[in-house]
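# Examination of the molecular architecture
Here are the chains, one letter per residue:
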Amino acid sequence: MALERTFSIIKPDATERNLTGAVNAVIEAAGLRIVAQKRIRMTRQQAETFYAVHKERPFFGELVDFMISAPVVVQVLEGENAIAKYREVMGATNPANAAEGTIRKQFAKSVGENSVHGSDAAETAAVEIAQFFSGNEIVG
């Protein structure tokens, strides 16, 4: 098993309901370490850059507006097969389809307000981490 890092965002629907600690508890219970974390107010430019892959999709504007609507918590998680493990812990994008005990089953309000984001691959994780953290902010 490979020790790797992944990127996470606790989204506005969760931060507005003061769920950062509860989400972190699920992450840590799954065996992932939070090696960097900060609460930020994402700018429109940051959100548009982050979600650029969806720029041509009809929900892009709504997604950007949502992500800048309230603070988010950006994180770097570390652990054995962290990317796959965190995606499992997050649960399905649609909370109605998410497994019991997952973050989205417990906390998400809807498909759009689904509480968390996690990287889908090592390459994506590296780009996403670099967008929000410098090397000295990540302390494993």
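By the naming in an unreviewed UniProt entry, the protein goes by Nucleoside diphosphate kinase and is assigned to Alsobacter soli. Listed in UniProt under the heading Subcellular location (unreviewed entry), the comment for the protein reads: "Cytoplasm". The heading Subunit (unreviewed entry) in the UniProt record of the protein holds the text "Homotetramer."

### Focus: the pattern of salt bridges
Considering all chains together, one arrives at four salt bridges under this definition. For the salt bridge of E78 with R5, the shortest nitrogen-to-oxygen distance reads 2.9 Å. Here R5 lies in strand β1 (residues 3–10) and E78 lies in strand β3 (residues 72–80), a separation of 73 residues in the sequence. What makes E78 buried here is its relative accessible area of 14%. Residue classification places R5 among the partly exposed positions, given a relative accessible area of 35%.

### Topic: the UniProt feature "binding site: ATP" (unreviewed entry) in the protein
According to UniProt, the "binding site: ATP" (unreviewed entry) feature falls on K11, F59, R87, T93, R104 and N114. When you line up the elements, R87 lands in helix α5 (residues 82–90). Beyond its immediate chain neighbours, meaning those up to four positions away, R87 contacts G118, S119 and D120. If you trace the backbone, N114 turns up in the loop between α6 (103–107) and β4 (116–118). Non-local contacts of N114, meaning those with residues more than four positions away in its chain, are made with K11, D13, T93, R104 and A108.

### Some remarks on the sheet that holds β4
Across the sheet, four strands lie side by side as β2-β3-β1-β4; this open sheet has antiparallel pairing. Pairing within the sheet leaves two strands with one partner each, and these edge strands are β2 (33–40) and β4. The mean inter-strand angle of the sheet, taken between neighbouring strand axes irrespective of direction, is 20°. In terms of strand pairing, β1 meets β3 through eight bridges, oriented antiparallel. Within β3, the position partnered with S8 by the bridge is Q75. Contacts from α5 reach β1, β3 and β4, with the element oriented near 35° to β1.

### Considering the environment of G112
Secondary-structure assignment places G112 in the loop between α6 and β4. Using a relative accessible area of 45% as the deciding quantity, one classes G112 as partly exposed. When the C-alpha atoms of G112 and V35 are compared, they prove to be 27 Å apart, with 77 residues separating the residues in sequence.

### Overview of the UniProt feature "active site" (unreviewed entry) in the protein
Those places that UniProt annotates as "active site" (unreviewed entry) correspond, in this numbering, to H117. H117 gets classed as buried once you look at its relative accessible area, which sits at 14%.

### Structural notes on the environment of T93
Along the chain, T93 turns up in the loop between α5 and α6. Remark: the alpha-carbon pair of T93 and N114, spanning 21 residues in sequence, is separated by 6.6 Å. Ignoring anything within four residues of it in the chain, the contact list for T93 reads R104, S110, V111 and N114.

### Digging into the nonpolar core
F7, I9, M67, V74, F132 and F133 are the most contacted members of the largest nonpolar core, which has 22 residues in total. Those elements that place two or more of their residues in this core are β1, β2, α3 (44–50), α4 (60–67), β3 and α7 (122–132). Apart from residues lying up to four places away in sequence, I9 is in contact with M42, F50, Y51, M67, V72, V73, V74, S115, V116 and H117.

Quick notes on the rules
Residues numbered from 1 in each chain as written. Predicted model: local features only at pLDDT ≥ 70, side-chain atom pairs only at ≥ 80, totals over all residues. Heavy atoms only, no water. UniProt positions renumbered as here; feature names shortened; annotations may be inferred. Salt bridge = Lys/Arg side-chain N within 4 Å of Asp/Glu carboxyl O. Helix = DSSP H or I, 4+ residues; strand = E, 2+ residues; numbered from the N terminus. Buried < 20%, exposed > 50% of the residue type's maximum accessible area, 1.4 Å probe, protein only. Contact = heavy atoms within 4.5 Å. Pairing = 2+ DSSP bridges. Axes fitted to C-alpha atoms, helices over the stretch in contact; angles between N-to-C directions. Core = buried A, V, L, I, M, F, W, Y, C linked by side-chain atoms within 4.5 Å.

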